[in-house]
Amino acid sequence: MRDCIPASSTSSPLKPNKRVNYEYGMVLGVTDFRQEPGHLDWKNQLSNRLLHGYGTVSGLQVSQEPVTNPADVQIRIKTGYAISPNGRWIWLEGDLCARLGEWLRDHLEDVSPLAGAGEHTLYVTLCYDECPTDLVPVAGKACADDQETRVAGRILESYRAEFTWEKPDQPAEDMMRLFGGI
């Protein structure tokens, strides 16, 4: 499974419920250019959470497939769409596969539930992630190296799939089940 480096910002967070009031002749700065998409992202995420909830929207079927090694199995997540608990869209544009046996070998220290033989439940979660990408030059400092004069020009909205023994928190789902008596 593919890991991404979470995008980070060195700037302070902006109030999401503010938007820029453009006026003729106004001088715009970096904060103004961050405020506008931040405001729109906030509205989009809020709309997704309040109107649609979170979870699978379409696709994303999880299946297991045999592989040549009989001690292993491949887990496949099919293409599809989901909304994260924070209201972010997750788009899996191609099937995602991982070998369960390889994961177990790489995470032996995390494998506390496997105290012995028998049936065990493993959860597959799909998480929203961001990857800084497309380095572009910026006005640099004197005598700075190449790394200090380039920044990510784009943020790729991506995903991260994880295996876990712990049932993921689903407070909205749990409340709906309680409410409906399911």
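Scroll up a little and you will see the structure.
Residues numbered from 1 in each chain as written. Predicted model: local features only at pLDDT ≥ 70, side-chain atom pairs only at ≥ 80, totals over all residues. Heavy atoms only, no water.

Can you walk me through the nonpolar core in this structure?
Across soluble globular proteins, nonpolar side chains show a tendency to be buried alongside one another. Of all hydrophobic cores here, the largest spans nine residues; its members are L60, I77, A82, I90, L92, L96, Y128, Y159 and A161. Every element with two or more residues in this core is listed here: strand 5 (89–92) and strand 8 (150–164). Counting residues in hydrophobic clusters, the runner-up holds seven residues, among them I75, W103, F163 and W165. (Core = buried A, V, L, I, M, F, W, Y, C linked by side-chain atoms within 4.5 Å. Buried < 20%, exposed > 50% of the residue type's maximum accessible area, 1.4 Å probe, protein only. Helix = DSSP H or I, 4+ residues; strand = E, 2+ residues; numbered from the N terminus.)

Which parts of the structure should I look at to understand the sheet that holds strand 3 (residues 73–77)?
Strands pair in a sheet through their backbones, by hydrogen bonds, and they do so in one of two ways: parallel or antiparallel. With antiparallel pairing, three strands are arranged side by side in an open sheet as 2-3-6. Both outer strands of the open sheet, strand 2 (62–66) and strand 6 (96–99), are each paired with one neighbouring strand and no more. Between one strand and the next, the sheet's axes are offset by a mean angle of 25 degrees, whatever the strand orientation. Bridge count for strand 2 against strand 3 is five bridges, and the pairing is antiparallel. Residue S63 lies in a different strand from strand 3, and its bridge partner there is R76. (Pairing = 2+ DSSP bridges. Axes fitted to C-alpha atoms, helices over the stretch in contact; angles between N-to-C directions.)

I keep staring at the packing of aromatic side chains and nothing clicks. Help me out?
Inspection of the entire model under this criterion finds four aromatic pairs. Ring plane angle 55 degrees and centroid distance 6.2 Å describe the contact between W103 and W165, whose orientation is recorded as tilted. Residue W103 is located in helix 2 (residues 100–106), and its partner W165 is located in the loop between strand 8 and helix 3 (171–180); the two are separated by 62 residues in the primary sequence. With respect to class, W103 is no different from W165; both count as buried. By way of ring pairs, the aromatic residues Y81, W89 and W91 are connected into one cluster. (Phe/Tyr/Trp six-rings, centres within 6.5 Å; stacked < 30°, edge-to-face > 60°.)

How should I be thinking about the side chain of Q35 in this particular structure?
Position of Q35 relative to the elements: it lies in helix 1 (residues 30–52). By relative accessible area, Q35 is classed as buried at 9%. Polar contacts involving the side chain of Q35 include one to the main-chain carbonyl oxygen of K15, which spans 2.8 Å. Not counting the four nearest positions on each side in its chain, Q35 is found in contact with L14, K15, K18, R19 and V20. (Polar contact = N/O pair within 3.5 Å; in protein donor to acceptor, adjacent residues only side chain to side chain. Contact = heavy atoms within 4.5 Å.)

I'm lost on a nonpolar patch on the surface in this one. Help?
Residues Y22, M26, L28 and F33 make up a contiguous nonpolar surface patch of roughly 390 Å² in combined accessible area. Within the fold, L28 resides in the segment before helix 1. Judged by its relative accessible area of 34%, L28 falls in the partly exposed class. (Patch = residues over 30% accessible without salt bridge, like charges linked within 9 Å, V, L, I, M, F, W, Y side chains within 5 Å. Areas by Shrake-Rupley, 256 points an atom, 1.4 Å probe, with all protein chains shown as cover. Salt bridge = Lys/Arg side-chain N within 4 Å of Asp/Glu carboxyl O.)

Sorry if this is basic, but what is going on with unusual backbone geometry here?
If a residue is not glycine, its phi is most likely negative; likewise, a peptide bond is most likely trans. Phi at L60 is positive, roughly 60 degrees, even though this residue is not glycine. Inspection of the secondary structure puts L60 in the loop between strand 1 (55–59) and strand 2. On the basis of relative accessibility, which here comes to 11%, the residue L60 falls in the buried class. A positive phi angle is found at D134, which is not glycine, with a value near 55 degrees. Along the chain, D134 falls in strand 7 (residues 123–137).

What is the right way to look at the pattern of salt bridges in this model?
Side chains that carry opposite charge are capable of pairing whenever their charged atoms lie near each other. By the definition in use, this model includes seven salt bridges. The salt bridge partner of R160 is E162, with a shortest N-O separation of 2.6 Å. You can call R160 partly exposed: its relative accessible area is 22%. Judged by relative accessible area, E162 falls into the partly exposed class, the value being 32%. Linked through salt bridges whose partners overlap, the residues forming this network are E65, R76, K78 and D95.

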